[in-house]
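Residue-level listing of the chains:
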Amino acid sequence: MVYRLKKDVWYVGRCCECGACISTCSKNILRSPRDGDHPELEVREKRIGSSHIVVDTCFFCEKPCEDSCPRLREWEKGQILHTVTVTSRLPDTSIVNALLIASIRRKLVDGAVTWDIDRETFKPIPKIVTREEEILTTSGYQYLWHPILEVLNDAIYKKGLKKIAVVGPPCIAQAVKAIRTSNNNKLKVYKNSIYLMIGVFCEGAYTQQLVQEIVDRFDINPYELNRLIMDIKNKVLRIVMQEGLMKGIPLPEIRRYMKQGCARCTDFTAECADISVGTIGLEEKGTMVIVRTPLGERSLKYAFMEK
Ligand code: SF4
Ligand code: SF4
Ligand code: SF4
């Protein structure tokens, strides 16, 4: 039984749906959560004569699922080496993409797990990228949720990546730190493969119902959406359309679509990351970058060295 996950995370609404336990489960019995819910434990049965008994698949397991769960740890305040405000010269102006491209070019990492959007449905999808062209087509984190760490096994075993950068909000950075600091043998392969954590500011992620609300409210199609921007300072969700027009919804009006696990989240700036990136309001000139570790520093230095 995954007793602690169930009792202290799932059944008390604390799961942030990071997907770490799904990837690290040593028996591959955790399934991706439905939007806004926790992962599901696959029930396996054995037939004995004419009756079926439920097998306790977790028996004799080292429980890497629990050791990789960010919700079973208390997190101290993250360190800050220094803070800068920067702008990107990339066409999409993304600082995260600038860091990824520079880090791959200079072989700090050999690939990344990052965020993209299905353009037809505006559903978030995880993307494993190794080339600049791929990075430049990703949408980045759009405050819509996918348990992105569930693709770790694909990145390691299918793509053969050995030094992975992960992009994600604070809870993803916490899961990555839980893995990196764990002594659980079953987590060794993940610990050795995740090299750089790029955190993005986040004060809430939303279920796909938010997209439905936007579509209904403005009588538009999902494919007309370009990107979402959280304007925390003015408490407005900014919706950028494909043709560049911008619409807005006050944040209190979309709170009901926020993931349950976000309710008790207190980390806004990804304090467990190597480097954190984000903005607070649309009026801000540039993007704030918080360098937290020497590795984060190297990644930023490489980005500055790019032409
Ligand atoms: S206890 Fe082991 S088998 Fe059970 S869910 Fe966790 S990792 Fe998987
Ligand atoms: S590891 Fe992530 S997805 Fe799994 S229970 Fe913990 S918070 Fe939820
Ligand atoms: S508010 Fe917290 S739990 Fe929710 S997505 Fe952001 S970092 Fe994760």
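Residues numbered from 1 in each chain as written. Chains lettered and ligands numbered in written order. Predicted model: local features only at pLDDT ≥ 70, side-chain atom pairs only at ≥ 80, totals over all residues. Heavy atoms only, no water.

## Things to note about the domain arrangement of the chain
For interface size, the figure often reported is the accessible area lost on association. Basically, it comes down to this: For the domains described, the bounds stem from an automatic or database domain assignment. By the convention used here, residues are in contact when the closest approach between their heavy atoms is within 4.5 Å. Summed over both partners, buried area is the accessible surface (1.4 Å probe) that two parts give up on being assembled. Salt bridge, as used here: a side-chain nitrogen of Lys or Arg that lies within 4 Å of a carboxyl oxygen of Asp or Glu. Any N or O atom pair separated by 3.5 Å or less is treated as a polar contact, with the protein-specific requirement of one donor-capable and one acceptor-capable atom, and with residues adjacent in sequence counted only for side-chain atom pairs. Under the scheme used here, helices are H or I runs from DSSP no shorter than 4 residues and strands are E runs no shorter than 2 residues, and both carry numbers assigned from the N terminus. Residues are grouped as follows: Ala, Val, Leu, Ile, Met, Phe, Trp, Tyr, Cys and Pro are nonpolar; Asp, Glu, Lys and Arg are charged; all remaining types, including Gly, are polar.
The domain boundaries assigned to the chain delineate domain 1 (3-67) and domain 2 (76-206 + 256-305). Here domain 1 and domain 2 have C-alpha centroids that lie 26 Å from each other. In this complex, domain 1 contributes 21 residues to the contact, which on the side of domain 2 involves 24 residues. When the two sides are added together, the surface that domain 1 and domain 2 hide from each other amounts to roughly 1,700 Å², 53% of it contributed by carbon and sulfur. Here domain 1 is connected to domain 2 by zero salt bridges. The interface formed by domain 1 and domain 2 includes twelve residue pairs in polar contact (both at pLDDT 80 or more). Breaking the side of domain 1 that touches domain 2 down by element, the ones donating at least two residues are helix H2 (20-24) and helix H3 (64-67). If you tally residues by element for the side of domain 1 that touches domain 2, the top one is H2, at four residues. The class makeup of the residues in the side of domain 1 that touches domain 2 is eight nonpolar, seven polar and six charged.

## So, the packing of aromatic side chains
What characterises a pair of aromatic rings is the spacing of the ring centres plus the angle enclosed by the ring planes. Inclusion rule: A pair of aromatic rings is counted whenever rings of Phe, Tyr or Trp (Trp by its six-membered ring) have centres within 6.5 Å, and the orientation is called stacked for planes under 30 degrees apart, edge-to-face for over 60 and tilted otherwise. Burial status follows relative accessibility: with a 1.4 Å probe on protein chains alone, a residue under 20% of its type maximum counts as buried, one over 50% as exposed, and anything between as partly exposed.
Tallied over the full model, the rule gives six aromatic pairs. Both rings, one in Tyr 141 and one in Trp 145, keep their centres 6.3 Å apart while their planes meet at 85 degrees; by these two values the pair is edge-to-face. Residue classification places Tyr 141 among the buried residues on the basis of a relative accessible area of 11%. Connected via pairs of aromatic rings, a cluster forms that spans Trp 115, Tyr 141, Tyr 143 and Trp 145.

## Here's the deal with the site of ligand 2
What counts is decided by this rule: We call a residue near a molecule or strand when any one of its heavy atoms sits within 4 Å of it.
As a structural note, the neighbourhood of ligand 2 is formed by 13 residues, with Trp 10, Cys 15, Cys 18, Cys 21 and Cys 69 the closest of them. Of the residues assigned to the shell around ligand 2, the class counts are ten nonpolar, one polar and two charged.

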